[in-house]
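# Report on the structure
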Amino acid sequence: MNFELSEEQLMIQKMARRFAEEKIAPIAEKSWEEEEFPYDLFAQMGELGLVGIPYPEEYNGGGMDVLTFALVLEELARIDNSVANSIMANSSCASLINNFGTTEHKEKYLAPILAGEKIGAIGLTEPNAGSDAAAIQTTAVLNGDEWIINGSKIFITNSGTDITWPVVIAAVTGTGEKKEISNFIVSSGTPGFNISKKFKKIGWRASDTRELSFDDCRIPAENLLGKRGEGLKQTLSTINTGRILIASMAVGLAQGVLDACLDYVKGRFAFGKPIGKFQTIQHKLADMATKTEIARVMVHKAAVLRDSGKPFSKEASMAKLFATEMAMEAAHQGIQIHGGYGIMTEYAVSRYFGDAKVLEIVEGTSEIQRTVIARQLGL
Ligand SMILES: Cc1cc2nc3c(=O)[nH]c(=O)nc-3n(C[C@H](O)[C@H](O)[C@H](O)COP(=O)(O)OP(=O)(O)OC[C@H]3O[C@@H](n4cnc5c(N)ncnc54)[C@H](O)[C@@H]3O)c2cc1C
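These numbers come from a predicted model, not from an experiment. (Residues numbered from 1 in each chain as written. Predicted model: local features only at pLDDT ≥ 70, side-chain atom pairs only at ≥ 80, totals over all residues.)

This part takes up the overall build of the chain. What the chain contains, in helices and strands, is 11 helices and 10 strands. On C-alpha atoms alone, the chain measures out to a radius of gyration of 21 Å, which is about the 21 Å that the 2.2 N^0.38 rule sets for 379 residues. The dimensions of the chain, computed from C-alpha atoms along their principal axes, are 80 × 45 × 40 Å. By residue count, 51% of the 379 residues in the chain fall in the buried class. Taking contacts inside the chain between residues at least 6 apart in sequence as the whole, the part at least 24 apart equals 73%. (Helix = DSSP H or I, 4+ residues; strand = E, 2+ residues; numbered from the N terminus. Rg over C-alpha atoms; globule rule 2.2 N^0.38 Å. Buried ≥ 20, exposed ≤ 12 C-beta atoms within 10 Å, placed from the backbone. Contact = placed C-beta atoms within 7 Å.)

Given below as structure tokens:
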């Protein structure tokens, strides 16, 4: 067992930290207010190689492991969860194309979204199907050399930005004895693919979340991703890794809250001394630091298992469950420690509160993680 990061991992971690502090922190509050971050930042992160860490170098990826990617997302999320989430959702799209796409798909769609020139999205959730993903109703019907798609998707990250391009969506391709679900690459701009206005949110406010509808949307037959009927299996395999990455964002968020509180308690005076001198405040921060570290170790363990080709779905769910609930608690205590100032949006802790709540819902809710873990316990 070796808890030391490699030289390369430390270097990339440092680069991500510096980028987040120098480029993202100064605009985080504005992005939150305006509910959008400047997507030229995405291109800059692409140039630095932060967007495609675990993907092949021939398609503009970094050729590194998921642990290194988790380190990067932790650093970005420490400053702004929305930015980390945009990279994370882009990665879910990249992962599907990389694992199941043809060489042509990879050259056409994967390379630009790993370079940061374009941004990808993944559309599984529908108005009537979230946790129960197999209940989706969007259909794709093969007609000659085209698929005709009808239906809708909801809460889709990155789906309507100026640089959005491939959106990988799941659709029902057969309703015989067993419902058949397949994945498709749809380019934004395709006639019949309609992007609605952005949702207003209490968390991840600077990341783009929309409802999509498909109205006789025709795409080429070759845009089927991998094998027909394997869509759900493909997406679930991506989501397992996604759980590790969301957990790393939760660790980043909790670390961000801890850093902000450590700063604040030294400068805020009550009853003639800094509030950091009160044992109650000290113990809150000691608990926060301890639980953040536990979650970090869980994330790293799940990532290492995944990177070494071992089973990791139980550890990914455990890390996601623990880290996101821990981040919610950290955000809650962070505001408490800041008193009234913590409610004001100019203080980062207020923004982290809504972000922490989203983390408990996406990539499988806490209830679903407990179900996955219980199943692995043989229940
Ligand atoms: C900001 C944001 C961004 C998102 N981005 C994307 C995206 O890019 N792509 C995408 O496809 N989706 C995305 N989602 C959707 C997200 O994955 C779903 O919201 C999530 O899976 C939960 O589904 P739901 O909202 O339909 O809730 P539901 O599934 O309706 O769940 C409602 C409640 O019931 C509980 N519940 C459901 N089933 C069970 C069960 N079996 N046992 C116990 N409790 C249960 C849930 O835990 C939850 O508490 C995003 C969501 C948000 C909020």
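Once that is clear, we can look at helix α9 (residues 313-338). End to end, α9 covers 37 Å across 26 residues, agreeing with the expected 38 Å (1.5 Å per residue, within 8%). Immediately beyond the C-terminal end of α9, within one or two residues, lies G339, with a positive phi of roughly 60 degrees. (Expected span 1.5 Å × (residues − 1).)

Turning our attention to the domain arrangement of the chain. Here the chain is partitioned into domain 1 (7-118), domain 2 (121-230) and domain 3 (232-376). For domain 2 versus domain 3, the separation of C-alpha centres amounts to 30 Å. Facing the 13 residues of domain 2 at the interface are 10 residues of domain 3. The residue makeup of the side of domain 2 that touches domain 3, split by class, is eight nonpolar, four polar and one charged. (Domains from an automatic or database assignment. Nonpolar A, V, L, I, M, F, W, Y, C, P; charged D, E, K, R; others polar.)

Right, let's talk about unusual backbone geometry for a bit. Positive phi outside glycine occurs at F155, with the angle close to 60 degrees. Here the phi dihedral of D216 falls at roughly 50 degrees; this positive angle occurs in a residue that is not glycine. For D216, the location among the structural elements is in strand β7 (residues 209-220). D216 sits in the exposed class, given 10 other C-beta atoms within 10 Å.

We now examine the pairing of β7. Judged from the nine bridges that link them, strand β3 (residues 146-157) and β7 form a sheet pairing that is antiparallel. Within β7, the position partnered with W147 by the bridge is I219. Relative to β7, strand β6 (residues 193-198) is paired through four bridges, and the arrangement is antiparallel. Paired with K198 across the bridge in β7 is R210. (Pairing = 2+ DSSP bridges.)

Between helix α8 (residues 279-307) and α9, the shortest axis-to-axis distance is 9 Å and the interhelical angle comes to 155 degrees. One way to sum up the angle between α8 and α9 is to call them roughly antiparallel. As for the relative orientation of α8 and α9, their crossing is left-handed in sense. Here I281, K284, M288, K291, T292, A295, M298, V299, K301, A302 and L305 of α8 come into contact with α9, specifically with E315, A316, M318, A319, F322, A323, M326, A330, Q333 and I337. Of the residues belonging to the contact of α8 with α9, the class tally is 15 nonpolar, two polar and four charged. (Axes fitted to C-alpha atoms, helices over the stretch in contact; angles between N-to-C directions. Parallel < 35°, antiparallel > 145°, perpendicular 65-115°, else oblique. Left-handed = near helix turned anticlockwise from the far one by under 90°.)

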